[in-house]
Amino acid sequence: MPYYVFFCQDCGKESTQVLHIADLDKGVAVCPHCGSKRVTQKVSAFSAVTSKKS
Ligand SMILES: [Zn+2]
């Protein structure tokens, strides 16, 4: 499951949420700490996967 890291602009806390890409388009992401919708998406954890080939 792809999950995304969000940063809340209101309370300044980060949260990790599992969302479908369609949910991102709808902007359903809210801060679980204060309920604010002023959250900015940070990098997806999946994109941080390192591929080492030797
Ligand atoms: Zn918040």
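Treat the numbers as computed from the prediction; the structure is a model and nothing was measured.

Draft legend 1. Region of interest: the pattern of salt bridges. In this structure the tally under the stated criterion is 2 salt bridges. Two residues, D10 and R38, come together in a salt bridge whose shortest N-O distance is 2.6 Å. Taken together, the residues span a long stretch of sequence, with D10 in the loop between β1 (3–8) and β2 (14–18) and R38 in the loop between α1 (21–26) and β3 (39–41) at a distance of 28 residues. Looking at R38, the relative accessible area reads 46%, which means it is partly exposed. Its salt-bridge partner being K42, residue E14 comes within 2.7 Å of it at the nearest N-O pair. Here the residue E14 occupies a position in strand β2, and K42 occupies one in the segment after β3, the gap between them amounting to 28 residues. With relative accessibility at 37%, the residue K42 sits in the partly exposed group.

Draft legend 2. Examining the nonpolar core more closely. Y4, F6, C8, L19, A29, C31 and V39 together form the largest nonpolar core, which totals 7 residues. At 3 residues, the largest contribution of residues to this core is made by β1. The contacts of L19, once residues within four sequence positions are left out, are P2, Y4, F6, L24, V28 and A29.

Criteria and cut-off values
- Residues numbered from 1 in each chain as written.
- Predicted model: local features only at pLDDT ≥ 70, side-chain atom pairs only at ≥ 80, totals over all residues.
- Heavy atoms only, no water.
- Salt bridge = Lys/Arg side-chain N within 4 Å of Asp/Glu carboxyl O.
- Helix = DSSP H or I, 4+ residues; strand = E, 2+ residues; numbered from the N terminus.
- Buried < 20%, exposed > 50% of the residue type's maximum accessible area, 1.4 Å probe, protein only.
- Core = buried A, V, L, I, M, F, W, Y, C linked by side-chain atoms within 4.5 Å.
- Contact = heavy atoms within 4.5 Å.

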